[in-house]
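Okay, here's what each chain looks like letter by letter:
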Amino acid sequence: MSGRRQEAAALPACFAGLGAGSPRPRQKRGGMFCSVADAFDNKTLDFASLGAPGPGTAPGEPRRAPTPGPGCGAAPPAELPDGCPQSDQLLIKGGKIVNDDQSFYADIYVEDGLIKQIGENLVVPGGVKTIDAYSQIVMPGGIDVHTRLQMPIRGMTSADDFYQGTKAALAGGTTMIIDHVCAEPGTSLLAAYERCRASADSLACCDYSLHIDIPRWHESLKEELEALVKDKGVNSFLVFMAYKDKLQCTDAQMYEIFCIIRDLGAIAQVHAENGDIIDEEQKRLLELGITGPEGHVLSRPEEVEAEAVYRAITIAKQANCPLYITKIMSRGAADVLAQAKRKGTVVYGEPITASLGTNGSHYWSKNWAKAAAFVTSPPISPDPTTPDHLTSLLSCGDLQVAGSAHCTFTTAQKAVGKDNFTLIPEGTNGIEERMSVIWEKCVVSGKMDENEFVAVTSTNAAKIFNCYPRKGRIAVGTDADLVLWNPKATKIISAKTHNSNVEYNIFEGTECHGVPTVVISQGKVVLEDGNLCVTQGSGRFIPRKTFPDFVYKRIKARNRLAEVHGVPRGLYDGPVHDVLASARAVAPTATSRIAPCAGKAQAPPVRNLHQSGFSLSGSQADDHITRRTAQKIIAPPGGRSNITSLS
Amino acid sequence: MSYQGKKSIPHITSDRLLIKGGRIINDDHSFYADIYLEDGLIKQIGENLIVPGGVKTIEANGRMVIPGGIDVNTYLQKPYQGMTAVDDFYQGTKAALAGGTTMIIDHVLPEPGSSLLTSFEKWHEAADTKSCCDYSLHVDITSWYDGIREELEILVQDKGVNSFQVYMAYKDLYQMSDSQLYEAFTFLKSLGAVILVHAENGDLIAQEQKRILEMGITGPEGHALSRPEELEAEAVFRAITIASRINCPVYITKVMSKSAADIIALARKKGPLVFGEPITASLGTDGTHYWSKNWAKAAAFVTSPPLSPDPTTPDHLNSLLACGDLQVTGSGHCPYSTAQKAIGKDNFTMIPEGVNGIEERMTVVWDKAVATGKMDESQFVAVTSTNAAKIFNLYPRKGRIAVGSDADVVIWDPDKVKTITAKSHKSAVEYNIFEGMECHGAPLVVISQGKIVFEDGNLHVNKGMGRFIPRKPFPEYLYQRIKIRNKVGGLQGVARGMYDGPVYEIPATPKYATPAPSTKSSPAKNQPPPIRNLHQSNFSLSGAQIDDNNPRRTGHRIVAPPGGRSNITSLG
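These numbers come from a predicted model, not from an experiment. (Residues numbered from 1 in each chain as written. Chains lettered and ligands numbered in written order. Predicted model: local features only at pLDDT ≥ 70, side-chain atom pairs only at ≥ 80, totals over all residues. Heavy atoms only, no water.)

S.K.: Lay out the overall build of chain A in plain terms, naming residues and giving numbers.
M.R.: For chain A, the helix and strand inventory stands at 18 helices and 20 strands. Counted over contacts in chain A with a minimum sequence separation of 6, partners at least 24 positions apart contribute 78%. For chain A, the exposed area adds up to about 23,100 Å²; of that, 53% sits on carbon and sulfur atoms. (Helix = DSSP H or I, 4+ residues; strand = E, 2+ residues; numbered from the N terminus. Contact = heavy atoms within 4.5 Å. Areas by Shrake-Rupley, 256 points an atom, 1.4 Å probe, with all protein chains shown as cover.)

S.K.: Requested: an account of the environment of B:I25, with residues and values cited.
M.R.: All names here are of chain B. The topology assignment puts I25 in strand 1 (residues 17–25). Placed 177 residues apart in sequence, I25 and G202 show a C-alpha to C-alpha distance of 42 Å. Sequence-distant contacts of I25, defined by excluding residues within four places in its chain, comprise S30, M64, V65, I66, P67, E377, S378 and V381.

S.K.: Let's hear about the sheet that holds strand 18 (residues 511–521) of chain A: which residues, and what values?
M.R.: Residues and elements named next belong to chain A. The seven strands are arranged 3-2-7-17-18-19-20 in an open sheet whose pairing can be described as mixed. At either end of the open sheet lies a strand with only one pairing partner, and these are strand 3 (103–105) and strand 20 (531–532). Taken together, the three bridges between strand 2 (residues 96–98) and strand 3 define a ladder with antiparallel strand orientation. Bridging across to strand 3, V98 finds its partner in S103. Sheet strands in contact with helix 16 (residues 434–443) are strand 7 (137–140), strand 17 (482–492) and strand 18, and its direction is about 135 degrees off that of strand 18. Across the sheet, helix 17 (residues 450–464) is in contact with strand 2, strand 3, strand 7 and strand 17; its angle to strand 7 comes to roughly 30 degrees. (Pairing = 2+ DSSP bridges. Axes fitted to C-alpha atoms, helices over the stretch in contact; angles between N-to-C directions.)

S.K.: Which residues make up the UniProt feature "domain: Amidohydrolase-related" (unreviewed entry) in chain A, and what values go with them?
M.R.: Following the UniProt record, the feature "domain: Amidohydrolase-related" (unreviewed entry) maps to residues 137–526 of chain A here. Here residues 137–526 of chain A is 39% helix and 20% strand, with 17 Å between the C-alpha atoms at its ends. (UniProt positions renumbered as here; feature names shortened; annotations may be inferred.)

S.K.: Outline the confidence of the model for chain B, supporting the account with residue identities and numerical values.
M.R.: Low pLDDT marks regions whose predicted coordinates should not be analysed in detail. Residue and element names in this part refer to chain B. For chain B, per-residue confidence averages 86 on the pLDDT scale, and residues scoring 70 or more make up 86% of the total. Between residues 510–529, whose pLDDT stays under 50, and residues either more than four places distant or in other chains, the model counts 54 contacts. Every residue in residues 566–572 is under pLDDT 50, and counting partners more than four places away or in other chains gives 21 contacts. Predicted complex, confidence summary: ipTM 0.78, pTM 0.79. (pLDDT = per-residue confidence, 0-100.)

S.K.: So, helix 5 (residues 178–191) of chain B: which residues are in play, and what are the values?
M.R.: Residue and element names in this part refer to chain B. The end-to-end C-alpha distance of helix 5 is 20 Å, a good match for the 20 Å that 14 residues give at a rise of 1.5 Å each. Counted residue by residue, helix 5 has 10 buried out of 14 residues, so it is predominantly covered. Buried residues of helix 5: D178, S179, L181, Y182, A184, F185, F187, L188, K189 and L191, and no others. Looking one or two residues beyond helix 5, the residue adopting positive phi is G192, at roughly 80 degrees. (Expected span 1.5 Å × (residues − 1). Buried < 20%, exposed > 50% of the residue type's maximum accessible area, 1.4 Å probe, protein only.)

S.K.: So what about the packing of helix 8 (residues 275–288) of chain A against helix 8 (residues 229–246) of chain B? Which residues, and what values?
M.R.: How two helices sit against one another is set out by the angle between their axes and by the gap between those axes. Put simply, helix 8 of chain A and helix 8 of chain B touch, their axes get as near as 11 Å, and they point 5 degrees apart. What the angle tells us is that helix 8 of chain A and helix 8 of chain B run roughly parallel. The residues of helix 8 of chain B that touch helix 8 of chain A, namely those facing A:I277, A:E281 and A:R284, are B:T241, B:I242 and B:R245. Broken down by class, the residue content of the contact of helix 8 of chain A with helix 8 of chain B amounts to two nonpolar, one polar and three charged. (Parallel < 35°, antiparallel > 145°, perpendicular 65-115°, else oblique. Nonpolar A, V, L, I, M, F, W, Y, C, P; charged D, E, K, R; others polar.)

S.K.: I'd like a rundown of the nonpolar core, residues and numbers included.
M.R.: Core analysis: the largest hydrophobic core is formed by 225 residues, its most contacted members being A:F258 and B:F185. Not counting chain neighbours up to four residues away, the residues in contact with B:F185 comprise B:V166, B:I195, B:V197, B:A239, B:I242, B:A243, B:I246, B:C248 and B:V250. Formed by 32 residues, the second largest nonpolar core is a distinct cluster that contains A:V297, A:L298, A:A373 and A:Y504. (Core = buried A, V, L, I, M, F, W, Y, C linked by side-chain atoms within 4.5 Å.)

S.K.: Quick one: what's the story with the packing of helix 10 (residues 302–319) of chain A against helix 8 of chain B, residue by residue and with numbers?
M.R.: Contact geometry of helix 10 of chain A with helix 8 of chain B gives a least axis separation of 9 Å together with a crossing angle of 165 degrees. By the angle between their axes, helix 10 of chain A is roughly antiparallel relative to helix 8 of chain B. In the packing of helix 10 of chain A onto helix 8 of chain B, the handedness of the crossing is left-handed. Residues A:E303, A:V304, A:A306, A:E307, A:Y310, A:R311, A:T314, A:K317 and A:Q318 of helix 10 of chain A form the contact with helix 8 of chain B, whose participating residues are B:E230, B:L231, B:A233, B:E234, B:F237, B:R238, B:T241, B:S244 and B:R245. Along the lines of polarity and charge, the residues of the contact of helix 10 of chain A with helix 8 of chain B split into six nonpolar, four polar and eight charged. (Left-handed = near helix turned anticlockwise from the far one by under 90°.)

S.K.: Describe the confidence of the model for chain A, naming the residues involved and giving the relevant values.
M.R.: Residues and elements named next belong to chain A. Taken as a whole, chain A shows an average pLDDT of 80; of its residues, 76% reach a score of 70 or greater. When the criterion is pLDDT under 50, residues 581–605 qualifies, and its contacts beyond four places in sequence or with other chains add up to 51 contacts. Note on residues 627–633: pLDDT is under 50 here. Beyond four places in sequence and across chains, it has 22 contacts.

S.K.: Could you give an account of helix 4 (residues 162–171) of chain A, with specific residues and numbers?
M.R.: Residues and elements named next belong to chain A. By the criterion of burial, helix 4 is predominantly enclosed, with 10 of the 10 residues buried. What helix 4 keeps buried is the set F162, Y163, Q164, G165, T166, K167, A168, A169, L170 and A171. With a side-chain oxygen lying 3.1 Å from the backbone nitrogen of Y163, the N-terminal cap of helix 4 falls on D161. Positive phi shows up at G173, right after helix 4, with a value of about 95 degrees. (Polar contact = N/O pair within 3.5 Å; in protein donor to acceptor, adjacent residues only side chain to side chain.)

S.K.: Talk me through the pairing of strand 12 (residues 207–214) of chain A; I want residue IDs and the actual numbers.
M.R.: Residues and elements named next belong to chain A. Most of strand 12 is tucked away, with eight of its eight residues classed as buried. Judged by which residues are buried, strand 12 turns out to be covered on both faces: D207, S209, H211 and D213 on one side and Y208, L210, I212 and I214 on the other are all buried. Sheet topology note: the strand 11 (residues 174–182)/strand 12 ladder contains seven bridges and is parallel. Within the sheet, the bridge partner assigned to C182 lies in strand 12 and is D213. In this region the chain leaves strand 11, passes through helix 5 (residues 189–203) and returns to the parallel neighbour strand 12; the handedness of that crossover is right-handed. When strand 12 meets strand 13 (residues 236–240), the two strands line up parallel, connected through three bridges. Paired with I212 across the bridge in strand 13 is F237. (Right-handed = clockwise from strand over helix to strand, strands pointing away.)

Right under this line is the structure:
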């Protein structure tokens, strides 16, 4: 483990201060943003002058030879077929480089897992492996912001482990995943994190990072969150609004968590579904005798998702915390989010491959295995216009990133819930199909251009989760995670050819135009000519710093503005109704009606010196005034002064 | 205590009345006709009526004759920490009549944990002895306890209550969780009741209150700061979501902010049966006064949900009321004297909540909506009485001028200009939140149960003459649609053959690093004990196998019948 951390620390100096705060003034020469003037001219960077160790020494070495973490020493590189190109130097010639802001034609020279040069007629060492990228697009590798590989659930583990899952990711053009660590309620988050790190370090074939799920809130988790943020490179936490009595958080807990997350500078993620309603609906459906997978979608209608999204946004806005909604599955939820953005809330939405590429009509399939394969939550919307709507919102920027929520279970595992849909383990595939599906649905249909495609598949994710520009951009100095994309090639998605461990692919038969032809991860070619050659355990953990600028600049400014002030008033000196008096009228006991500050007991009544014990007895001059029927106020004999003097 | 009313008994003359030459306004159309009232009912409508001699005649001179207003939300005599709101049923209904409202529906607010029935009886008794106009009662469900179902049933079947309010605010006091709301809605729907919701997110309010008190803000502005309108909108959204799941009507009391009203308007366009009730205060004034330097004034505005500090709110709510997105107007009348409010002088959370508005309601709506051209007279009748009567199943007894309806009639003078002030109002509080507002439109004559109770600015009322009006469940205005939707929206499963493929057997000892078998996705049920699967075999191969190199199997192995896996059912 320590080796890994060193490795993370041994980043080139130009990354040292990245994302920590405001960007430093852009360097005129040697800056890493290619949008600088003359950035694309021919040039060779002298890294030594930047203070970074020379190429081929410190930054490159540990990266090239994956340091086996503890527990993976026994796992030999599973596949190293002969002929797999292992050279560290690569030249990609003739491609069209596509970033989220612009496209241009240039060659790329890659060395030691980094992009060293971009331009035409590059001066490169001899004998470099050259990849011909003519008529192809060169893009930053995809970042899948939401996966659940090897997720333990009820004594099972999802069918794709880190090896299988990241292999599938690479095959689809995704070169980095951010996986969710789901701890058991009541157990330590840190321990779960370490377990996940250990298995990912030994198995993952591509770079990865981790989100932490907060299962059940407890005051003591606060320290763990702090430790994870400060020492473990985690900057995003997921809370659940669903799964009643298991993972669900109350509104008050969410507010508390959001406040802590805001102070730590992390991103609050939310699984948005109203668990209370779902629970009741599930009971009702089971009573009706509906036990098949269609019960899953019937018990989780999309209003329930939209409601929770609305609530999460309200809470986040109150806490002034940036919010990220995972798995936008329905029109209603997406619309609520888009509206909130219009009102200025800092909120991000993540549709997933399944919601973009297919719809929930399959829950009614006569084939149980097929119907069960679609079970995920929130469920895929049965409304067939949903994918179209979500891709439109993704194109116009109302939704920002696309994940896959890849969490697969074999049919046999799904069959645990064959007599009760609530027991079907939830999750669909999508890690491999993500890029192709989005290309097919958005770019081929003309909804977005290739730059936006790069934005939603990788750049936005890198910005939100603070690994930009190391990931998510093709520029000198960034990680050499590249995809050569052939927009003319086609492929038909099928369980026969996919890299996942499941028998059923929910996109079965979808034809996609646009296929990754070459995938380069950490400067190595991992996919070429349809052949995958990956190394188990070669994936590195990418630590992420707090306070991503993309998210927190606005939050910080609002924090400064959000101060509220009371009204300076003189002391109220009028009469005060005596609460201690024996209960009158219909109230049998003196309860505190509006003392909602839980835990704060009412202060013991202090004797009011303005009050007098003087009272009149017998019939009085004003007895006939009916105004006083309810009760009589004990007022100073000099007459009432019920308005303060300051008026 | 003197009974001022008794002196005025002689003023209430015969039981027979003839209103001549008025323009009768109902919610659907208006026409010129005379009205003959007898025995508290409208007996004849038309021209040249044949009436007995000696009947008292009121010359309307072409003025508008409208059904008396129905105030759907009042809290007269609301208890709070051992005291009660300053307006009791006598004082409150007097004020109502003076403003042209001839019926109120008051809220019964039981202490949490105490019986709904006993509380209902208490209110019933208090109102029977004091009320001057007809009244009915909503019952607030302040806690969901065992045995409440029976009580609710009794209230609906025998006691003439068909509306119940639930709270989403007041954490640890009245607040109900979403599960309880679901349960309550389901049950109330089966009774055919109208579900009223006080919509605010109590969890967040509690947090905000804590934060604001910690910041040292203790004045009434803290009340508004701790209850921003987003929290109201959020709760409205949630209430509608729950209701639309159950397919039951839901009625949002006290719509105070633009965002809450917009949510209702949006939801109505999508189909759920939802009704919204703005109150006099939200239609007539705004929440900027919470920042008043005068504590007493600022405190007088404290109600919840609070008045929105956005000054464009009244205009917006009036527009939605005019176009039908909001349907009824209440007053939320629950005034406390300044001394009572001063209980919270050092802590805004202790200020008793409630504003006046029972007397001003009709006038404010007229001034803000009709006098500005937003709505016509018929719509005015609809939002002040007819819609309320329909929703709460009083129609056409109330809310309409027709033969056979109750003789609750108001002769309305649209040109009268009146300045609202605490000096002349009928309520017992020292401060009127509409102080100084100049309003066009006021009642000239108010007739309740066929008797003139307000004329020439003088009230002639009798304590205790108000009757309890029982209401039947299943109001057609709401439940006709619900019944049809129930029929149409039946859920059906998919008929499939039995799944006969392999089933993963959950190991007794968990694999990998899971310490205990977790139950992530089965929120409701405990897993049944594993039953021996007869399709499974214990047969397994030992030694190196031909498919050992198949990486697909790295996770775990499924024990499958030796004949090969059949993982798709035969029905494919």
